[in-house]
2 protein chains.
Amino acid sequence: MDFPIPLPSDRLRRQIAFLLEADKLKGVLRRSYLIHGERRENSGEHSWHAALLTMILAEYSNRSIDVSKVIRMMLVHDLVEIDAGDTFIYDEAGNADKAVRERAAAERIFGLLPDDQRDQVRQLWEEFESQRTAEAKFANAMDRLMPVLHNYFTDGRSWREHNVTQERALAKNRKIADGASELWDLAQSLIVASLR
Amino acid sequence: MDFPIPLPSDRLRRQIAFLLEADKLKGVLRRSYLIHGERRENSGEHSWHAALLTMILAEYSNRSIDVSKVIRMMLVHDLVEIDAGDTFIYDEAGNADKAVRERAAAERIFGLLPDDQRDQVRQLWEEFESQRTAEAKFANAMDRLMPVLHNYFTDGRSWREHNVTQERALAKNRKIADGASELWDLAQSLIVASLR
């Protein structure tokens, strides 16, 4: 995005360019429907909700975590979708090349930032994707719990539209247990009740 | 929102009730238009973007701040709009009773949470509103900078639709200087360029 007015530094120019690019995440549609409303959710508002979940549900993490770090992780975890699109977790074909598409997106989008911030944001995203640390496990649990709630309160709408069976929903969301086993108990009941 | 399935604790029931209620913020429309797209922005995705701005632009704060606290502030700063609606900063009539409407909303919405979390979230919101601490001043600067950018890149669209003059836009956004004077220099140039 071009800046016809002069900016005081190249650093600020890059930061603003990144923040303007981020605006596009509000136009990336997910498969989930809003609980109160007829439309599908976008990845920008989802990122906000997932960060809010983190703030409120942190006490259920299986292990001790740096909550502020998980919140930052949630804020940037979906930015790659601006180029790579949202890949439905039940879409096997889409998930086959997801890593390659998202890696290219990370290169371009985080690359808009000054180098030090590019590296920080990239590291947060890599950590989220790798699902190895306690923070990443909890972040991934938050990312998956909300769609389960959305489905439960819309009679499993997005699952039914994509022929997701109870068995597959249980298998795909089992990762919630790695971050927060008590919340996985809840998610399980919700999946079973939505897709009986 | 009713929970037909049993929950393991009243605490979790209240936390989930709050998080489901929060979903409604995605349906509260602001006056700003998205940069990439024809529609108006909602307060959920705005909260995400403002939190991301905080993360990236924290170094411009006039005073030293607890960045993680400002990020949490941004995540909850607009929740009262679920009941009170978004009040356009240039709407003098709407701003006259804004405090009363928002206070009632805070009571109800934060009151869904367990008492300890209700108090924490309420405190973050009160601090944001009072604009006294360094964190609150920077948070308010972030909240105002993004609409200026949105207007700049849509040819001042929402300002023109509501007959906001350059003089009023400058007066209403001057608070950015209290949190981040360098970013106020930028905002000023953008306002002047959008509304000449």
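In case you missed it, the structure is sitting above this.
Report on the accompanying structure. (Residues numbered from 1 in each chain as written. Chains lettered and ligands numbered in written order. Predicted model: local features only at pLDDT ≥ 70, side-chain atom pairs only at ≥ 80, totals over all residues. Heavy atoms only, no water.)

## Describing the overall build of chain A
What chain A contains, in helices and strands, is twelve helices and two strands. Seen in sequence order, chain A has helices and strands lined up from the N terminus as α-β-β-α-α-α-α-α-α-α-α-α-α-α. Computed over the C-alpha atoms, the radius of gyration of chain A is 17 Å, within 12% of the 16 Å expected from 2.2 N^0.38 for a compact globule of 196 residues. In terms of overall dimensions, chain A has a C-alpha envelope of 60 × 35 × 30 Å along the principal axes. Excluding contacts between residues fewer than 6 apart, the proportion of contacts in chain A whose partners are at least 24 apart in sequence is 67%. Carbon and sulfur atoms make up 46% of the accessible area of chain A, which totals about 7800 Å². Side chains of chain A give 28 positive and 32 negative charges; the mean places of these two sets differ by 2 Å. (Helix = DSSP H or I, 4+ residues; strand = E, 2+ residues; numbered from the N terminus. Rg over C-alpha atoms; globule rule 2.2 N^0.38 Å. Contact = heavy atoms within 4.5 Å. Areas by Shrake-Rupley, 256 points an atom, 1.4 Å probe, with all protein chains shown as cover. Lys, Arg positive; Asp, Glu negative; His and termini not counted. Charge placed at Lys NZ, Arg CZ, Asp CG, Glu CD.)

## A word on the relation of the copies chain A and chain B
One copy of the chain maps onto the second through a rotation around an axis plus a translation along that axis. Mapping chain A onto chain B is achieved by rotating through 180° and translating by 0.0 Å along the same axis, at an RMSD of 0.0 Å. Each copy turns onto its partner about a two-fold axis. When the interface residues of chain A are mapped onto chain B, 100% of them again fall at the interface, so both copies present the same face. (Least-squares fit on C-alpha atoms with pLDDT ≥ 70 in both.)

## As for the environment of L183 of chain B
Structurally, the position occupied by L183 of chain B is in helix α12 (residues 181–194). Of the residues examined, L183 of chain B reaches a relative accessible area of 0% and is grouped as buried. Along the backbone, L183 of chain B and M142 of chain B are 41 residues apart, and their C-alpha atoms lie at a distance of 9.4 Å. Every residue in contact with L183 of chain B, bar those within four places of it in the chain, is listed here: L12 of chain A together with L57, Y60, M142, L145 and I176 of chain B. (Buried < 20%, exposed > 50% of the residue type's maximum accessible area, 1.4 Å probe, protein only.)

## Considering the pattern of salt bridges
Residues and elements named next belong to chain A. This structure, assessed with the given rule, holds 48 salt bridges over all chains. Among the ionic pairs, E127 bridges to K69, the shortest N-O distance being 2.9 Å. Pair noted here: E127 is in helix α7 (residues 115–130) and K69 is in helix α3 (residues 67–76), with a separation of 58 residues, a long-range link. As a salt-bridge pair, R101 and D97 come within 3.2 Å of each other at their nearest N and O atoms. What emerges from the salt-bridge pattern is a single network uniting R14, D115, R118 and D119. (Salt bridge = Lys/Arg side-chain N within 4 Å of Asp/Glu carboxyl O.)

## Quick look at the interface of chain A and chain B
You'll often see interface size given as the accessible area lost when the parts meet. Of the residues lining the interface, 61 residues belong to chain A; the matching set on chain B comes to 61 residues. Interface of chain A and chain B: buried area, both sides summed, is about 5200 Å²; carbon and sulfur atoms make up 72% of it. In terms of surface lost to chain B, no three residues of chain A exceed L19, K26 and W48 of chain A, which account for 15% of the buried area on that side. Where chain A touches chain B, the interface holds four salt bridges. In this structure, the salt-bridge partner of K26 of chain B is E41 of chain A, at a minimum N-O distance of 2.8 Å. Inspection of the chain A/chain B interface yields 31 residue pairs in polar contact (both at pLDDT 80 or more). Ranked by residues supplied to the side of chain A that touches chain B, first place goes to helix α2 (residues 43–57) of chain A with eleven residues. Residue composition of the side of chain A that touches chain B, grouped by class: 39 nonpolar, eleven polar and eleven charged. (Buried area = accessible area lost by both parts, 1.4 Å probe. Polar contact = N/O pair within 3.5 Å; in protein donor to acceptor, adjacent residues only side chain to side chain. Nonpolar A, V, L, I, M, F, W, Y, C, P; charged D, E, K, R; others polar.)

## Looking at empty space enclosed by the protein
Which parts of space are left empty comes out when a probe the size of a water molecule is rolled across the atoms. Residue and element names in this part refer to chain B. Under the counting rule described, the total for this entry stands at one cavity of 30 Å³ or more. Roughly 30 Å³ of internal volume is contained in the largest cavity. Mapped by element, the contributors of at least two residues to the lining of the largest cavity are α8 (134–153) and α11 (176–179). Its residues assigned to classes, the lining of the largest cavity shows two nonpolar, three polar and three charged. (1 Å grid on protein atoms, 1.4 Å probe; cavity = no way out; pocket = protein on both sides within 12 Å on 5 of 7 lines; lining within 4 Å. Points joined across faces, edges and corners; volume = space filled by probe spheres on them.)

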